[in-house]
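Each chain, written out:
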Amino acid sequence: MKAPNAEQKKLLELQQIDSTLDRLAHREKNLPENALLREAAAERDGIVSRLATEVGAVEDAEADLGRLESDAATVAARMERDEQRLQHTSSVKDVAALESELESLRGRTAVLEEQQLDVMQTVEDARGVADGTRAEGVEIDARITEIRSQIQTALDHIAAERGTLAGTRHALTEKLDTELLEAYEKQRAKTGIGAAHFRAGTCGGCTMSLTGQDLANVRAAALDDVVRCPECNCIVVRTEESGLW
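Everything numeric here is computed off the predicted structure, so don't read it as measured data.

1. Structural notes on the packing of helix 1 (residues 5-29) against helix 3 (residues 92-175)
For step 1, the next point in the chain: Across the interface, helix 1 lies against helix 3 with an axial gap of 10 Å and an inter-helix angle of 160°. Between helix 1 and helix 3, the angle falls in the class roughly antiparallel. The crossing of helix 1 and helix 3 is left-handed. Taken together, the residues of helix 3 that come into contact with helix 1 (itself represented by Glu-7, Lys-10, Glu-13, Leu-14, Ile-17, Asp-18, Thr-20, Leu-21, Leu-24, Ala-25, Arg-27 and Glu-28) are Leu-155, Ile-158, Glu-161, Arg-162, Leu-165, Thr-168, Arg-169, Leu-172, Thr-173 and Lys-175.

Printed below as a string of C-alpha cells:
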C-alpha cells in the first residue's frame, strides 16, 4: 500500500486526537468524584439505617411513656372515686378498706411518677440521638449534592473538549486518503493505536526497537510506502526525526 509521506504524517495528528479521546473516555468512567460519591452514598445508607433504629427506639420509649401515663390516669381516677366514696360512707369496714386501697394507690402513683421521670429522660435522650443523626443526614446530603455538582462540571468539561476534538478530527479525516484512513481505523480498532511515529529505530506504538532485517526493511522502504511494525502491525510513520534520511 502506498500513500504520500505527507498524508502519512497526518496520521500522527489523528492518532494524537484519538488517544486524547480515549483518555477522555477513560477519565469520564473513572472520575475520582465517582468514588467519593459511592463512599458518601454508602455513608448515607448507614445513616438512614441507623436513624431508622433510633427512631424506633424513640417510638418505643414514647409508647412506654404513654402506657405509664395511661396507668397513672387510671390510678388517679380510681383514687378520685375512692375518695368520693370515702366521703359518702359511714361504714367503718368500708372506710378501712377504702383507706387501705388509697394508701396502696398512693404508693402505686409514686412508683408510676418515678418510672415516668425515668422514661421521659429516656425519650429525651433517644430524641437527642435521633436528632444528631438527622443532622448528619443533612450534612451528608449536602456533601452528595456538592460531589454531584463536581461530577457534572467535570463531565461538562470533558464533553466540551470531546466536542472540540471531534470537530478537529472530522476536518482532518475529510482530507485524508480514504484507503489510508481505512487501514488506520482498522488497526486502531484492534489495538487502540493505528499509527505511531518511528524514531531512533523504535516503533512508538509498541516501543519495540527494530534491529537486523526488520530495521533494514524500514530503511529500504520507499518514502510513499505504508510501513507496518512487525510487532504490533500499526502504521509506522517516518519523518525527518526518524533518522532514516
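Read on for the rest.
2. Let's talk about the confidence of the model for the protein chain
For step 1, the next point in the chain: When pLDDT is averaged across the protein chain, the result is 93; 99% of the residues are at 70 or more.
For step 2, the next point in the chain: Per-element averaging of pLDDT across the protein chain places helix 5 (residues 212-220) at the bottom with 89 and helix 1 at the top with 96.

3. Quick notes on the pattern of salt bridges
For step 1, the next point in the chain: Inspection of every chain in the model, using the stated rule, returns 23 salt bridges.
For step 2, the next point in the chain: Asp-64 is paired through a salt bridge with Arg-67; the nearest N and O atoms lie 2.0 Å apart. Taken together, the positions of Asp-64 and Arg-67, both in helix 2 (residues 32-87) and 3 residues apart, correspond to about one turn of that helix.
For step 3, the next point in the chain: Looking at Asp-64, the relative accessible area reads 33%, which means it is partly exposed.
For step 4, the next point in the chain: Each of the salt bridges in this network shares a partner with another, and the network as a whole consists of Arg-78, Arg-81, Asp-82, Arg-85 and Glu-101.

4. Some points on the pairing of strand 4 (residues 235-238)
For step 1, the next point in the chain: Alternating residues of strand 4 divide into Ile-235 and Val-237 and Val-236 and Arg-238, and every residue in both groups is buried.
For step 2, the next point in the chain: Pairing between strand 1 (residues 195-199) and strand 4: 4 bridges, direction parallel. If you follow Ala-196 over to strand 4, its bridge partner there is Val-236.
For step 3, the next point in the chain: Bridge count between strand 3 (residues 227-228) and strand 4: 2 bridges; the pairing is antiparallel. Note on strand 4: the bridge partner recorded for Val-227 is Val-236.
For step 4, the next point in the chain: The antiparallel hairpin formed by strand 3 and strand 4 contains 6 residues in its connecting segment, where Asn-233 sits at a positive phi of about 70°.

5. Quick look at the side chain of Thr-20
For step 1, the next point in the chain: Along the chain, the position of Thr-20 falls in helix 1.
For step 2, the next point in the chain: Look at Thr-20 and you get buried, because its relative accessible area is 16%.
For step 3, the next point in the chain: For Thr-20, the side chain forms a polar contact with the main-chain oxygen of Gln-16, separated by 2.8 Å.
For step 4, the next point in the chain: Once you skip the residues sitting within four places of it in the chain, Thr-20 turns out to touch Glu-161 and Leu-165.

6. Things to note about the sheet that holds strand 1
For step 1, the next point in the chain: Reading across from one edge, 2-1-4-3 is the order of the 4 strands in this open sheet, with mixed pairing throughout. If you trace the sheet from one side to the other, it starts and ends with strand 2 (202-203) and strand 3, each paired once.
For step 2, the next point in the chain: On the sheet, helix 1 packs against strand 1 and strand 4 and is oriented at approximately 115° with respect to strand 4.

7. A word on the side chain of Glu-54
For step 1, the next point in the chain: Residue placement: Glu-54 occurs in helix 2.
For step 2, the next point in the chain: You can call Glu-54 buried: its relative accessible area is 13%.
For step 3, the next point in the chain: Those residues within four positions of Glu-54 in sequence are excluded, and the remaining contacts are Val-129, Ala-130 and Thr-133.

8. Details of unusual backbone geometry
For step 1, the next point in the chain: Unusually for a residue other than glycine, Ala-200 sits at a positive phi of about 55°.
For step 2, the next point in the chain: Within the element layout of this structure, Ala-200 appears in the loop between strand 1 and strand 2.

9. Description of the environment of Ala-42
For step 1, the next point in the chain: Note that Ala-42 resides in helix 2.
For step 2, the next point in the chain: Residue Ala-42 is classed as partly exposed on the basis of its relative accessible area of 48%.
For step 3, the next point in the chain: For the pair formed by Ala-42 and Gln-16, sequence separation is 26 residues and the distance between their alpha carbons is 39 Å.

Rules behind the numbers
Residues numbered from 1 in each chain as written. Predicted model: local features only at pLDDT ≥ 70, side-chain atom pairs only at ≥ 80, totals over all residues. Heavy atoms only, no water. Axes fitted to C-alpha atoms, helices over the stretch in contact; angles between N-to-C directions. Helix = DSSP H or I, 4+ residues; strand = E, 2+ residues; numbered from the N terminus. Parallel < 35°, antiparallel > 145°, perpendicular 65-115°, else oblique. Left-handed = near helix turned anticlockwise from the far one by under 90°. Contact = heavy atoms within 4.5 Å. pLDDT = per-residue confidence, 0-100. Salt bridge = Lys/Arg side-chain N within 4 Å of Asp/Glu carboxyl O. Buried < 20%, exposed > 50% of the residue type's maximum accessible area, 1.4 Å probe, protein only. Pairing = 2+ DSSP bridges. Polar contact = N/O pair within 3.5 Å; in protein donor to acceptor, adjacent residues only side chain to side chain.

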